[in-house]
Amino acid sequence: MLQAKNVSKTYNAGKKIALQDFSIEVPTGSVYGLLGPNGAGKTSFIRIINQITQADTGEIFINGEKLNPNHIKDIGYMPEERGLYKNMTVGDQLLYFGELKGMSKNHALEQAKYWFDQLEIDHWWKKKLSELSKGMAQKIQFVVTVLHQPKLLILDEPFSGFDPVNANLVKDQILKLKEQGTTIILSTHRMESVEEMCDSVALINNSKKILDGKIFEVREKFKQNLYNIVLSEVNSEQLDVLKNKYNFHDVTDKHGLISFDLSYNEDQNLLLNDLMKVGKIRSFDEKIPSMNEVFITAVSSPQSSIGS
C-alpha cells in the first residue's frame, strides 16, 4: 500500500536532521507500527505522507503510484495534537470535515450515523465539543478521521485520553477496519497495543530506521535463549546435579513448586531429558522479549538492530 524509498528531511537550513534515508514497505490490509522515542522522526515522516511538508530527497508511493495531491482523499490522519472546533456542534463538525474530504452531505450523514452507533455516542450529535470530556472528544476525532472511508489510515497515539473500556472499543474498531481491507499505520508508545494489533513494525531512532520486520520475527531476533521452568516433586540431589551443569537464574521455591530461569542454546530435547530426572515438569517456556523490551534494547544499543 505504501512504500518509502530513502526519504530524508532536514529543518533549519539542514542543521536539524529529521529523517535519514528512511525506507519502509507497508503491506496492504495490515496494521504497521511506526515506533520510536520522542523526536526520532516519526511525525516528520507522517507529515510528509500527508503532504503537509515535502521530503528533501527520496520518494513515497501509494499503491505503486508516486505520492501526489490526489492521494489526500484516500488518507485519514489522526494527529496526536487534535484539531477540532470547540464551539461547533459535533454533528455540524462531522458534516463539515466529511465535505472537505469530498463526501456528499448525505454520504457524510450516513457514515456519521454508522460510527455513532459503533462507538455508542448516538446522543452527542447536538453537543458542542467544549461540552465533552477529553475521552469523548477523542472519539469524535476518531470518527472525523475514518468518516470518508480512507484506504490508508494513520493514527498517532490514538488511545491517548481513553479509559481502558473505550480504548478497547476503539481498538476493536481499528482491527475491524483492517479486516475490511484498510491499511493502518499506528504510531504509539503503548507497546502492549503494538503487540496486540500490529503485523509489522519499524523503529526509528535519531532520524534513522534501526529495525523493521514482522512482530514475531523482530522479537525472535532479540531473544537470549532464556527459558523459564517450573518443576514439582523435585529430587534434591538431582537438582543439585542440574545446578552444577546449567546456569540457573531467579530460583524460587514456593508451595512445592521450584521455578527458575535457565540460559541454554543447545538441543532442547537433551535439556528436557535432564529436567525429567529432577522432577515433574509443570511448565517449560522460552522467554521471548516483549516489544517493550525490544524497544528499550534497540534504542539503547543501536548496534543490536536488524534490517528488513
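For clarity, every value in this text was computed on a predicted model and none was experimentally measured.

**Q** Would you mind going over the sheet that holds strand β2 (residues 16–26) in detail, with residue names and values included?
**A** What links the strands of a sheet is backbone hydrogen bonding, and the strands pair in either a parallel or an antiparallel sense. Across the sheet, 4 strands lie side by side as β2-β1-β4-β5; this open sheet has antiparallel pairing. The sheet terminates laterally at β2 and β5 (65–66), the two strands that pair on one side only.

**Q** Let's hear about a nonpolar patch on the surface: which residues, and what values?
**A** On the surface, a cluster of nonpolar side chains totalling about 320 Å² of accessible area is made up of Y85, Y96 and L100. Take L100: it is sitting in helix α2 (residues 90–100). On the accessibility criterion, L100 (55% relative accessible area) is exposed.

**Q** An account of the nonpolar core is requested, with residue identities and associated values reported.
**A** Ranked by internal contacts, the top residues of the largest apolar core, which has 51 residues, are L94, I140, F142, V201 and M291. Among the elements that make up this core, the one with the highest residue count is helix α4 (residues 134–146) (6 residues). Contact partners of V201, with chain neighbours within four places excluded, come to Y32, G33, L35, V194, L211, D212, G213, I215, V218 and M291. Core analysis: the next-biggest nonpolar cluster, separate from the first, contains 24 residues, I24, I46, I48 and I204 among them.

**Q** Before we move on, can you summarise the sheet that holds strand β14 (residues 280–286) with the specific residues and values?
**A** Pairing is antiparallel across the open sheet formed by 4 strands, whose spatial order is β12-β13-β11-β14. Each of the sheet's edge strands pairs with one partner strand only, and the pair in question is β12 (247–254) and β14. Sheet twist, expressed as the mean angle between neighbouring strand axes with direction ignored, is 15°. Pairing geometry for strand β11 (residues 226–232) and strand β13 (residues 257–263), over 7 bridges, is antiparallel. Each bridged residue has a counterpart across the sheet, and for Y227 the counterpart in β13 is L262. Along the sheet, helix α9 (residues 268–278) contacts β11, β13 and β14; its crossing angle with β14, the most-contacted strand, is approximately 150°.

**Q** A description of the side chain of Q93 should follow, citing residues and the corresponding values.
**A** Mapped onto the secondary structure, Q93 falls in helix α2. Given the relative accessible area of 0%, Q93 is considered buried. Looking at Q93, its side chain comes within polar contact range of the main-chain nitrogen of Y85, at 2.4 Å. Other than its neighbours up to four places away in sequence, Q93 contacts L84, Y85, M88 and L129.

The rules behind the values
Residues numbered from 1 in each chain as written. Predicted model: local features only at pLDDT ≥ 70, side-chain atom pairs only at ≥ 80, totals over all residues. Heavy atoms only, no water. Pairing = 2+ DSSP bridges. Helix = DSSP H or I, 4+ residues; strand = E, 2+ residues; numbered from the N terminus. Patch = residues over 30% accessible without salt bridge, like charges linked within 9 Å, V, L, I, M, F, W, Y side chains within 5 Å. Areas by Shrake-Rupley, 256 points an atom, 1.4 Å probe, with all protein chains shown as cover. Salt bridge = Lys/Arg side-chain N within 4 Å of Asp/Glu carboxyl O. Buried < 20%, exposed > 50% of the residue type's maximum accessible area, 1.4 Å probe, protein only. Core = buried A, V, L, I, M, F, W, Y, C linked by side-chain atoms within 4.5 Å. Contact = heavy atoms within 4.5 Å. Axes fitted to C-alpha atoms, helices over the stretch in contact; angles between N-to-C directions. Polar contact = N/O pair within 3.5 Å; in protein donor to acceptor, adjacent residues only side chain to side chain.

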